[in-house]
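Coordinate analysis (summary)
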Amino acid sequence: MKKIHFDNLGKKSYWVLLILLSLIFILVGFFELFQFDNPKNYNYISATGFLLQSLYFSKLFWHKNTVQWNDKGIVIRIKSFLGKSLRFDEIKETELSRKEMTFTKTDGQKIIIDLNEFRDSDNQKLYQIIFENTNTNNT
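Quantities reported herein were computed from a predicted structural model and do not represent experimental measurements. (Residues numbered from 1 in each chain as written. Predicted model: local features only at pLDDT ≥ 70, side-chain atom pairs only at ≥ 80, totals over all residues. Heavy atoms only, no water.)

We now examine the sheet that holds strand β2 (residues 66-69). Strand order across the open sheet formed by four strands is β1-β2-β3-β4, with mixed pairing between neighbours. Single-partner strands in this sheet number two, and they are β1 (5-8) and β4 (84-87). When the angles between neighbouring strand axes are averaged without regard to direction, this sheet yields 15°. Across four bridges, the pairing between β2 and strand β3 (residues 73-77) is antiparallel. If you follow Thr66 over to β3, its bridge partner there is Arg77. (Pairing = 2+ DSSP bridges. Helix = DSSP H or I, 4+ residues; strand = E, 2+ residues; numbered from the N terminus. Axes fitted to C-alpha atoms, helices over the stretch in contact; angles between N-to-C directions.)

Residues Val67, Ile74, Ile76, Ile78, Phe103, Leu115 and Leu126 are the most contacted members of the largest nonpolar core, which totals 20 residues. Sorting elements by how many residues they give to this core places helix α3 (residues 120-133) first, with four residues. Excluding residues within four positions of it along the chain, Leu126 makes contact with Phe6, Val67, Ile74, Ile76, Ile78, Met101 and Leu115. (Core = buried A, V, L, I, M, F, W, Y, C linked by side-chain atoms within 4.5 Å. Buried < 20%, exposed > 50% of the residue type's maximum accessible area, 1.4 Å probe, protein only. Contact = heavy atoms within 4.5 Å.)

Here the focus is the packing of aromatic side chains. Counted according to the given criterion, the structure contains eight aromatic pairs. Aromatic side chains Tyr56 and Phe57 sit 4.9 Å apart centroid to centroid with 80° between the ring planes, which places their arrangement in the edge-to-face category. Among the residues examined, Tyr56 registers a relative accessible area of 23% and is labelled partly exposed. Taken together, the ring pairs in this structure connect Tyr14, Trp15, Tyr56, Phe57 and Trp62 into an aromatic cluster. Positioned over the ring face of Trp15 is Lys59, at 4.4 Å from the centre of the ring. (Phe/Tyr/Trp six-rings, centres within 6.5 Å; stacked < 30°, edge-to-face > 60°. Lys NZ or Arg CZ within 6 Å of the ring centre and 35° of its normal.)

Ordered in space as β5-β6-β7, the three strands form an open sheet in which the pairing is antiparallel. Whereas interior strands pair on both sides, the edge strands pair on one side only; in this sheet they are β5 (91-96) and β7 (110-114). On average, adjacent strands in this sheet sit at an angle of 15° to one another, irrespective of strand direction. Note that strand β6 (residues 100-105) and β7 share five bridges and pair antiparallel. Residue pairing in the sheet places Thr104 in a bridge with Lys110 of β7. Running over the sheet, α3 touches β5 and β6 and is turned about 160° from β5.

With 18 residues, helix α2 (residues 40-57) extends 26 Å from end C-alpha to end C-alpha; this agrees with the ideal 26 Å at 1.5 Å per step. Taken residue by residue, α2 has Tyr42, Ile45, Ser46, Gly49, Leu52 and Gln53 as its buried positions. Each buried residue of α2 sits inside an arc of 115° when the element is viewed along its axis, so together they form one side. In α2, the exposed residues that point more than 90 degrees away from the buried face are Asn43, Tyr44 and Leu51. Check the buried side of α2 and you find it contacts α1 (13-31). (Expected span 1.5 Å × (residues − 1). Arc of directions from axis to C-beta.)

Here it is as structure tokens:
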């Protein structure tokens, strides 16, 4: 059975520190706030900032099957390259069967995610995350 990697974006403050540090590096490299003997140091500082941002935004692609969420929404990347992005307030109903999870959005659209190859514990955890964060908490 395959594993789903879960990443709660709202709980890890070190990623926020990484983004702030990268922005500081980019600004220092752009505005040249300090005097260096070698002017290429500004390029290195700025490049480090962009590298840190690339590290942050590439997190979604580190694992093949990933679920990322915060208080507002969820990104489910299972068996696809980009995945499905859903806001919790647009999920009307969630149904978990043994092999698939079905989301019904408030506009009536249904999204089906095949969970056939994954552990039951991971399927239950995904359902629990959806259940805890949706406003309606149906089924």
